Amino acid sequence: MNRLIIIGASGHGKVVADIAKLSGYTDIAFLDDAPGLKVVSGYPVLGAVSTFSAFSQDDFFVAIGNSDIRRRIQDEISSSGARLVTLIHPSAVVAQDVVIGEGTAVMAGAVINPSVRIGRGCIVNTSSSVDHDCVVGDYVHVSVGTRLAGSVCIGSGSWIGIGAVVSNNLSVCPNTMIGAGAVVVRNIELPGTYIGIPAEQIQVAS
Ligand SMILES: CC(C)(COP(=O)(O)OP(=O)(O)OC[C@H]1O[C@@H](n2cnc3c(N)ncnc32)[C@H](O)[C@@H]1OP(=O)(O)O)[C@@H](O)C(=O)NCCC(=O)NCCS
């Protein structure tokens, strides 16, 4: 098996490294811009993110929570011709016909039911569930414990906060933040930040 280079040695990077190990990678290393960082979770930090082209023979995974940064770095690696992998924790339940894009991580205990499409560079986080026929766009984060009911559509770059719920047949537009614990009961058509039950838009200081 190739070496896996994980971009980003934060908490999210550690979780990704754990999935990679369980998926059979024996040689794992990080790239991260934090000065002085040498070892994380027992894996070496080989240098800054900008040095990635020196590792073109290796597999890559971008483990950065911010979806804009994740997208930018993943696109850069992809256009360099390097290999981006998809990582699925062995305890996740993923139906047979589910389509998952490259650079997506599916964490422990997640359940993805039949006929779901998940885009590139997504995070389907710990113990979340994505029910039948959902379409999850590129670089979406479905946070820990989130519930997407059947036939939900999440636009690219959106972040569904921890423990949030999106009721069946609804759409959330791209580049939208759904706050922790919110319950979405109507289509969300304007990008922004939404909180509460039912979820309503709030203004966020810029
Ligand atoms: C919605 C969110 C993005 C807002 O963050 P923010 O712009 O920094 O907003 P603030 O923390 O300044 O809060 C603004 C107001 O909204 C309230 N608020 C914030 N998040 C809320 C939430 N999820 N539900 C209900 N009220 C919330 C705050 O209490 C505050 O109210 P106040 O003005 O009466 O004091 C953030 O609180 C959130 O929910 N993030 C989710 C994080 C997450 O899911 N992490 C999981 C990683 S796996």
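Residues numbered from 1 in each chain as written. Predicted model: local features only at pLDDT ≥ 70, side-chain atom pairs only at ≥ 80, totals over all residues. Heavy atoms only, no water.

Some points on the sheet that holds strand E7 (residues 87–88)
Our working definition: Paired strands, as defined in this entry, are two strands with at least two bridges between them according to DSSP. Strands are runs of DSSP state E lasting at least 2 residues, helices are runs of H or I lasting at least 4, and numbering of each runs from the N terminus.
Spatial ordering of the open sheet is given by E7-E10-E13-E16-E19-E22-E24-E25, a layout of eight strands whose pairing is mixed. A single partner strand is all that each edge strand has here, and the edge strands are E7 and strand E25 (200–202). As paired strands, strand E22 (residues 177–178) and strand E24 (residues 193–195) are joined by two bridges and run parallel to one another. By the bridge assignment, Ile178 is partnered in E24 with Tyr194.

Let's talk about the pairing of strand E5 (residues 59–62)
The condition that has to hold: Here's how the labels work: a residue is buried when its accessible area is under 20% of the maximum for its type, exposed when over 50%, partly exposed in between, all with a 1.4 Å probe on protein chains only. Handedness of a crossover is defined as follows: orient the strands so they point away from the viewer, and if the path from the first strand over the helix to the second runs clockwise, the crossover is right-handed.
Burial along E5 is two-sided: the face carrying Asp59 and Phe61 and the face carrying Phe60 and Val62 are both buried. Here strand E1 (residues 4–7) runs beside E5; their pairing, made up of four bridges, is parallel. For Ile7, the partnering residue across the bridge sits in E5 and is Val62. Judged from the two bridges that link them, E5 and strand E6 (residues 83–84) form a sheet pairing that is parallel. Note that in E6 the partner of Phe60 across the bridge is Leu84. Between E5 and its parallel partner E6, the chain crosses via helix H2 (residues 67–79), and the hand of that crossover is right-handed.

Some remarks on the domain arrangement of the protein
Put simply, an interface is often sized by how much accessible area is lost when its parts join up. Formally: Domain boundaries shown here were taken from an automatic or database domain assignment. Here, residues are in contact when the closest pair of their heavy atoms is within 4.5 Å. In short, buried area is how much 1.4 Å probe accessible area vanishes from two parts on joining, totalled over both. Any N or O atom pair separated by 3.5 Å or less is treated as a polar contact, with the protein-specific requirement of one donor-capable and one acceptor-capable atom, and with residues adjacent in sequence counted only for side-chain atom pairs.
As far as domains go, the protein holds domain 1 (4–85) and domain 2 (86–195). Tallying the contact residues gives 19 residues for domain 1 and 21 residues for domain 2. Between domain 1 and domain 2, roughly 1600 Å² of surface is buried when both sides are summed, and carbon and sulfur atoms account for 59% of that area. Counting across the interface, domain 1 meets domain 2 through five residue pairs in polar contact (both at pLDDT 80 or more). Among the elements of the structure, helix H1 (11–22) and H2 are those that each provide at least two residues to the side of domain 1 that touches domain 2.

Some points on the environment of Ala180
Along the chain, Ala180 falls in the loop between E22 and strand E23 (183–184). Take Ala180: its relative accessible area is 57%, and that puts it in the exposed class. A C-alpha to C-alpha distance of 39 Å links Ala180 and Ala54, two positions 126 residues apart in sequence.

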